[in-house]
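Spelled out, the chains give:
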Amino acid sequence: MIYFLIPFYNEELNLENLYNNLLIKTKSIDYCIVFSNDGSTDRSVEIIKSRFQKTNYIIIDNKLNQGPGYAFNEGFKWILSHSKNTNDKIVTIEADSTSDLNILSDMLNISSLGYDLVLASVYSQGGGFEKTSFFRKIISASANLIFRFIFDIKVQTLSSFYRVYDISLVRRINDKYGNIISQNGFICMLEILFRAIKVNAKILEVPMTLKSDNRNGKSKLKIFKTSIAYLKFLFKNAFFKN
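Quick caveat: nothing in here was measured; it's all calculated off a predicted structure. (Residues numbered from 1 in each chain as written. Predicted model: local features only at pLDDT ≥ 70, side-chain atom pairs only at ≥ 80, totals over all residues. Heavy atoms only, no water.)

**Section: the pattern of salt bridges**
Next up, step 1: Per the counting criterion, the structure on display carries 7 salt bridges.
Next up, step 2: Here Lys-63 ties to Asp-61 by a salt bridge, and the two come within 2.8 Å at their closest N and O atoms.
Next up, step 3: Under the relative-accessibility criterion, Lys-63 is labelled exposed at 63%.
Next up, step 4: The residue Lys-89 makes a salt bridge to Asp-166 at a minimum N-O spacing of 2.7 Å. Remark: Asp-166 occurs in strand β7 (residues 163-166) and Lys-89 occurs in strand β4 (residues 89-92); sequence separation between them is 77 residues. One exposure class covers both Lys-89 and Asp-166, and it is buried. (Salt bridge = Lys/Arg side-chain N within 4 Å of Asp/Glu carboxyl O. Buried < 20%, exposed > 50% of the residue type's maximum accessible area, 1.4 Å probe, protein only. Helix = DSSP H or I, 4+ residues; strand = E, 2+ residues; numbered from the N terminus.)

Below is the structure:
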């Protein structure tokens, strides 16, 4: 079973594209789409129920906006409680259609070779950005460089949502820490990567071009708030104590 875990917050403008992209990629696989609502106040839930009604999907309807980390954690918990097969995979993607599903088959094939975590990476050779501001690129590259240097991490992309997890890795993380993610904000992707490294996950990256022009509307990431969260996480985990 392939579980697509998709957190969303006010994504009514992007759900049609998401549906069309997923429809193509799920034709020949056993799948379940797990939507985790992060307190949307627009028509997102209504659109999902209408557009995805003929697909295998569920909505975890969190009523409050608590952040993508919370939405991810609720989705992971639901999947762990419903997964029946040790070979199941979890694909985490953005709801705004910026995850390039053209590389999904490559990521799944690599995962099936015994890798616990496969990352879509804009920093791997062949990856990159399209229609992303220079400022955003500098912020992203600087944060990645600092964390990789301080913690001696070999992975190049630390915060991408687009990943393939083997179900056994998520269980190992949950068993060790008592939850999968504790951080509610966008820092959650860095946190779960750190935890994966701590449980000796086999990790590989696949190059991806991030196409921000596929997104309708603005990104939900708040640069200042996220930067503060990164700094707090940096000081708290400077010696890999957690």
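Once the structure has been displayed, the description carries forward.
**Quick word on the packing of aromatic side chains**
Geometry of an aromatic ring pair is reported as the spacing of the ring centres plus the angle between the planes.
Next up, step 1: Enumeration over the complete set of coordinates arrives at 8 aromatic pairs.
Next up, step 2: On the basis of an interplanar angle of 90 degrees and a centroid distance of 5.2 Å, the ring pair of Tyr-19 and Phe-52 is categorised as edge-to-face. Pair noted here: Tyr-19 is in helix α1 (residues 15-25) and Phe-52 is in the loop between α2 (44-51) and β3 (57-62), with a separation of 33 residues, a long-range link. Each member of the pair, Tyr-19 together with Phe-52, is buried.
Next up, step 3: Centroid distance Phe-35 to Phe-52: 4.9 Å. Interplanar angle 75 degrees. Geometry classified as edge-to-face. Taken together, the residues Phe-35 in strand β2 (residues 31-38) and Phe-52 in the loop between α2 and β3 connect sequence positions 17 residues apart.
Next up, step 4: Taken together, the aromatic side chains of Phe-8, Tyr-19, Phe-35, Phe-52 and Tyr-57 make up a single cluster linked through ring pairs.
Next up, step 5: Against the face of Tyr-177 rests Lys-176, its NZ or CZ located 5.5 Å from the ring centre.
Next up, step 6: When the ring centre of Tyr-115 is taken as reference, the NZ or CZ atom of Lys-202 above it lies at 5.2 Å. (Phe/Tyr/Trp six-rings, centres within 6.5 Å; stacked < 30°, edge-to-face > 60°. Lys NZ or Arg CZ within 6 Å of the ring centre and 35° of its normal.)

**A look at unusual backbone geometry**
Next up, step 1: For Ser-97, which is not a glycine, the phi torsion comes out positive at approximately 70 degrees.
Next up, step 2: Locating Ser-97 in the fold gives a position in the loop between β4 and α4 (104-111).
Next up, step 3: Phi at Asn-200 takes a positive value of approximately 65 degrees, unusual for a residue other than glycine.
Next up, step 4: Looking at the element boundaries, Asn-200 is found in the loop between α7 (188-198) and β8 (203-207).

**Examining the sheet that holds strand β1 (residues 2-8)**
Next up, step 1: Here 7 strands make up an open sheet; going across it, the order is β3-β2-β1-β4-β7-β5-β8 and the pairing mixed. For this open sheet the edge positions go to β3 and β8, each flanked by a neighbour on one side alone. This sheet shows a mean twist of 20 degrees between the axes of neighbouring strands, independent of strand direction.
Next up, step 2: When β2 meets β3, the two strands line up parallel, connected through 6 bridges. Across the sheet, the residue bridging to Ile-33 is Tyr-57, located in β3.
Next up, step 3: Set on the sheet, α2 makes contact with β1, β2 and β3; between it and β3 the angle comes to about 165 degrees.
Next up, step 4: Packed onto the sheet, α7 meets β5 (117-121), β7 and β8 and runs at close to 40 degrees relative to β7. (Pairing = 2+ DSSP bridges. Axes fitted to C-alpha atoms, helices over the stretch in contact; angles between N-to-C directions. Contact = heavy atoms within 4.5 Å.)

**Considering the packing of helix α3 (residues 68-82) against α7**
Next up, step 1: Closest axis-to-axis distance for the α3/α7 pair is 9 Å, and the angle between their directions is 50 degrees. Classified by the angle their axes make, α3 and α7 are oblique. Contacts between α3 and α7 involve Pro-68, Gly-69, Phe-72 and Phe-76 from the former and Cys-188, Met-189 and Ile-192 from the latter.
Next up, step 2: Partitioned by chemical class, the residues of the contact of α3 with α7 number 6 nonpolar, 1 polar and no charged. (Parallel < 35°, antiparallel > 145°, perpendicular 65-115°, else oblique. Nonpolar A, V, L, I, M, F, W, Y, C, P; charged D, E, K, R; others polar.)

**Quick look at the pairing of β4**
Next up, step 1: Residues of β4 alternate between two faces, with Lys-89 and Val-91 on one and Ile-90 and Thr-92 on the opposite face, all of them buried.
Next up, step 2: The pairing of β1 with β4 spans 4 bridges and is parallel. Bridging from a neighbouring strand, Ile-2 pairs with Lys-89 of β4.
Next up, step 3: One ladder, built from 4 bridges, connects β4 with β7; its direction is antiparallel. Residue Ile-90 lies in a different strand from β7, and its bridge partner there is Tyr-165.

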